[in-house]
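# Coordinate analysis (summary)
Each chain, letter by letter, is given below.
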Amino acid sequence: MAEGVAHVPKRISINNAFWSHKACWEIARLVVRLWRADPEVSVAWVGYAAEHEKVMEFLRDSGMPSDHIVSPGKCSLEDAMRILGSGSIALNAYPDNPSLHWNYVLKAPEFLSLGLPVVSSDMPGVRAYVIENETGLFFK
């Protein structure tokens, strides 16, 4: 875990740019569903792109309390790692744009270095870092 970072129970860490791609909005809807099932769920979402404000507005409009949403937009790498390190689990869902898949392979070891178990898209490369049922889980 990152030094000086306390985990927040039931906080999902996500490092995913806010593009209009399908995966970004699927993640936002998943976060809302998880929060509705358990109001203690919160999200730490690091990334910035065109849809950032729209996604944040969607989360707030869903009724999710503002103090359950940590998403600073553009921030330093140090702040990003501190924010992501506050989670209790990491979601590594890659976008439906194949040219971006390599970037999501590299995020798995970052999450693991923060002491976070990783729930990841099942893709080549990630399996080099994530051990199913030990350091994370895969989905298709």
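Please refer to the structure higher up on the page.
Presented here is an overview of the structure given in this document. Computed from a predicted model, the values in this text were never measured in an experiment.

## Structural notes on the pattern of salt bridges
Tallied over the entire structure, the rule returns 6 salt bridges. The salt bridge involving Lys10 is made with Glu40; its shortest N-O contact spans 3.7 Å. Taken together, the residues span a long stretch of sequence, with Lys10 in the segment before strand E1 (11-15) and Glu40 in the loop between helix H1 (22-37) and strand E2 (42-46) at a distance of 30 residues. With a relative accessible area of 37%, Lys10 lands in the partly exposed category.

## As for the nonpolar core
Counting residues in each nonpolar core, the largest one holds 22 residues, and the members touching the most others are Ile14, Val43, Trp45, Val55 and Leu59. Mapped by element, the contributors of at least two residues to this core are E1, H1, E2 and helix H2 (52-61). Among the elements that make up this core, the one with the highest residue count is H1 (7 residues). In this structure, Ile14 is in contact with Ile27, Val31, Val43, Ala44, Trp45, Val46, Leu84, Leu91 and Phe111, ignoring residues within four places of it in sequence. Core analysis: the second largest hydrophobic core is formed by 16 residues, Phe111, Leu114, Met123 and Val130 among them.

## Comments concerning the sheet that holds strand E5 (residues 118-121)
Read from one edge of the open sheet, 6 strands run E3-E2-E1-E4-E5-E6, paired in parallel fashion. Here the strands that pair on one side only, and so sit at the sheet edges, are strand E3 (69-70) and strand E6 (136-139). Pairing analysis gives 5 bridges linking E1 to E2, with the strands arranged parallel. Within E2, the residue paired with Ile12 across the bridge is Val43. Taken strand by strand, helix H3 (residues 77-85) contacts E1, E2 and E3, and its axis lies near 160° from that of E2.

Calculation notes
All residue numbers refer to positions counted from 1 along the written sequence of the respective chain. Local features are withheld for residues below a pLDDT of 70 in this predicted model, meaning they are given only at 70 or higher, and side-chain atom pairs are given and counted only at 80 or more; totals for whole chains, interfaces and linings count all residues. Hydrogens and waters are ignored; side-chain quantities use all the structure's heavy atoms. The term salt bridge refers to a pairing of a side-chain nitrogen on Lys or Arg with a carboxyl oxygen on Asp or Glu at a separation within 4 Å. In this description a helix means any DSSP run of H or I spanning at least four residues, a strand means any run of E spanning at least two, and both kinds are numbered starting from the N terminus. The buried label applies to any residue whose accessible area, calculated with a 1.4 Å probe on protein chains only, is under 20% of its type's maximum; exposed applies above 50%, and partly exposed to all values in between. Nonpolar cores are built from buried Ala, Val, Leu, Ile, Met, Phe, Trp, Tyr and Cys residues. Side-chain atoms within 4.5 Å join them into one set. Pairs of residues are marked as contacts when any of their non-hydrogen atoms sit within 4.5 Å. Two strands qualify as a pair provided DSSP detects at least 2 bridges between them. Here an axis means a line fitted to C-alpha atoms, over the contact stretch when the element is a helix, while the angle between two N-to-C directions is reported on a 0 to 180 degree scale.

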